[in-house]
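Here is how the chains run, residue by residue.
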Amino acid sequence: MSDIMIIRPRRLRINQKMRDLIGETVLTKNDLIMPLFVDENLNTGKKEIPSMPNQYRFSIDGVVEECKYIADLGIPAVILFGIPKYKDEIASSAYDKNGVIQKSIRKIKDEIGDELLVIADTCLCEYTSHGHCGLINNNKVLNDETLEILSKIALSYAESGVDIVAPSDMMDGRVGKIRETLEDNGYKDVVIMSYAAKYASSFYGPFRDAAESSPKSSIKDRKTYQMDYRNSREAMREIELDIKEGADMILIKPAISYLDILKMAKENFNIPIGAYCVSGEYSMIEAAAQRGWLNREEAIMETLLSIKRAGADFIITYWAKEVADNFNIFNI
Ligand code: PBG
């Protein structure tokens, strides 16, 4: 052994200070977006979501209070999802001027102003009786007809004062249509955050329970519009199209099983790229932690840091509030 010089990378892991000194990846409050569900059926307060421990559906007043708390923590943005009182075939409650999200946006902006960015998820599935993200006819999801509805939804959010609209439907041409509608109506500063590469994933399970948005028609899944998880180059094509159509930033979704896509996107495109750490990724760790099968805080930080390491400029995560609120516990 004496004549062989051992190269010792372990020197740099010798103690916490040494590790902190050379650590490449950081997570700050500024990287976080908190998803919130607003339920029109609730008059006050909030109600826990059974499949997502510590996550709630809020009443409109409840969500305003929650947003104040989140803004005070220093988190820059929330993304809102609505559960309407009324659903139909054409998602008309999604573009109602007095819909649950429109009312929430107005109240949050009235009370908090520019201290918190409000993002509105722009989709049909929570508002359609069949649970699909597009209009349906003859057992087919209709692309172009859906664009009309999506642009009406985006416009009504813009009229309510939203900062960012986030189309999550995966129809072709939606970003272009929304951009055109916003421009035509004078909303030139509304940002489009496109879910550009959104995969048909089983990790959305708890969300669909929370938002009551599971497909209920004879078309049982979203595989004709969301992406096939066998493909990566197709994601680059989707991103390229969304940028051409006018997206300001894009999302990769889900996150943990798609870190390769995130990294590839970061290497190929120069606009801000976020990752959505989705409901199933959240509940999976929460469930294992409840059983004592892993260290919850460590697993959360490992998950979020790996998403940053892969290249995310920001992360939508159900842990945003807790992580920002407990910086010391999480040691960041
Ligand atoms: C709406 C939408 C979904 C999610 C975000 N926007 C559900 C879906 O596509 O079925 C999932 C988010 C999550 O699982 O946390 N289209």
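Scroll up to find the structure.
This one's a predicted model, so the numbers in the text were calculated from it and none came from an experiment. (Residues numbered from 1 in each chain as written. Predicted model: local features only at pLDDT ≥ 70, side-chain atom pairs only at ≥ 80, totals over all residues. Heavy atoms only, no water.)

## Section: the site of the ligand
Phase 1: Taken together, 20 residues sit near the ligand, with K198, R208, K253, S279 and Y318 positioned nearest.
Phase 2: Contact distances for the ligand include 3.4 Å between a nitrogen atom and a side-chain N or O atom of D121.
Phase 3: At 2.9 Å, a side-chain N or O of Q226 approaches an oxygen atom of the ligand.
Phase 4: Protein contacts shield 100% of the accessible area of the ligand, which totals 400 Å² for the unbound molecule. (Near = heavy atom within 4 Å. Polar contact = N/O pair within 3.5 Å; in protein donor to acceptor, adjacent residues only side chain to side chain. Areas by Shrake-Rupley, 256 points an atom, 1.4 Å probe, with all protein chains shown as cover.)

## Quick look at the packing of helix α2 (residues 60–73) against helix α3 (residues 100–112)
To characterise two packed helices, one gives the angle between the axes of the helices and the distance between these axes.
Phase 1: At a minimum axis distance of 9 Å, the contact between α2 and α3 shows a crossing angle of 40 degrees. One finds that α2 runs oblique with respect to α3. Handedness of the α2/α3 crossing: right-handed. Seen from α2, the contacting residues are I60, D61, V63, V64, C67, K68 and A71; seen from α3, they are V100, K103, S104, K107, I108, E111 and I112. (Axes fitted to C-alpha atoms, helices over the stretch in contact; angles between N-to-C directions. Helix = DSSP H or I, 4+ residues; strand = E, 2+ residues; numbered from the N terminus. Parallel < 35°, antiparallel > 145°, perpendicular 65-115°, else oblique. Left-handed = near helix turned anticlockwise from the far one by under 90°. Contact = heavy atoms within 4.5 Å.)

## Quick word on helix α9 (residues 279–290)
Along an α-helix, a turn takes 3.6 residues, which lines up residues three or four apart on a common side.
Phase 1: For α9, built from twelve residues, the straight-helix expectation of 16 Å at 1.5 Å per residue is met to within 8% by its first-to-last C-alpha distance of 16 Å.
Phase 2: Among the twelve residues of α9, nine are classified as buried, and the element is accordingly described as predominantly covered.
Phase 3: When α9 is considered as a whole, its buried residues turn out to be S279, G280, E281, Y282, S283, I285, E286, A288 and A289.
Phase 4: Residues of α9 that are buried make contact with β3 (52–58), α6 (205–211), β11 (273–277) and α10 (296–309).
Phase 5: Taken from the residues just after α9, G292 is the one with a positive phi, measuring 75 degrees. (Expected span 1.5 Å × (residues − 1). Buried < 20%, exposed > 50% of the residue type's maximum accessible area, 1.4 Å probe, protein only.)

## Describing the side chain of S93
Phase 1: Along the polypeptide, S93 turns up in the loop between β4 (77–83) and α3.
Phase 2: A polar side-chain atom of S93 sits 2.8 Å from the main-chain carbonyl oxygen of Y86.

## Let's talk about the packing of aromatic side chains
Phase 1: Applying the stated criterion across every chain yields a total of ten aromatic pairs.
Phase 2: Where Y56 meets F58, the ring centres are 6.2 Å apart and the plane angle is 55 degrees; that geometry is what we call tilted.
Phase 3: Looking at Y56, the relative accessible area reads 21%, which means it is partly exposed.
Phase 4: Considering the side-chain rings of Y276 and Y318, the 6.2 Å spacing of their centres and the 45 degrees angle between planes classify their relative orientation as tilted. Of this pair, Y276 sits in strand β11 while Y318 sits in the loop between β12 (314–317) and α11 (320–325), and the two are 42 residues apart along the sequence. For the pair shown, Y276 and Y318 are each scored as buried. (Phe/Tyr/Trp six-rings, centres within 6.5 Å; stacked < 30°, edge-to-face > 60°.)

## Side note on the pairing of strand β2 (residues 46–49)
Phase 1: With four bridges connecting them, β2 and β3 associate as antiparallel partners. The partner of I49 across the bridge, within β3, is M52.
Phase 2: Joining the antiparallel neighbours β2 and β3 is a turn of two residues. (Pairing = 2+ DSSP bridges.)

## Some details on the pairing of strand β8 (residues 164–167)
Phase 1: Burial along β8 is two-sided: the face carrying I164 and A166 and the face carrying V165 and P167 are both buried.
Phase 2: With four bridges connecting them, strand β5 (residues 117–122) and β8 associate as parallel partners. Bridge pairing in β8 places A120 opposite V165.
Phase 3: Note: β8 against strand β9 (residues 191–198), two bridges, orientation parallel. Looking at β9, one finds that I164 is bridged to V191.
Phase 4: In the classification by handedness, the crossover that spans β8, the intervening helix α5 (residues 174–184) and the parallel β9 is right-handed. (Right-handed = clockwise from strand over helix to strand, strands pointing away.)

## Topic: the environment of E66
Phase 1: Looking at the element boundaries, E66 is found in helix α2.
Phase 2: The contacts of E66, once residues within four sequence positions are left out, are L36, F58 and K321.
Phase 3: Among the polar contacts made by the side chain of E66, one reaches the side chain of K321 at a distance of 2.8 Å.

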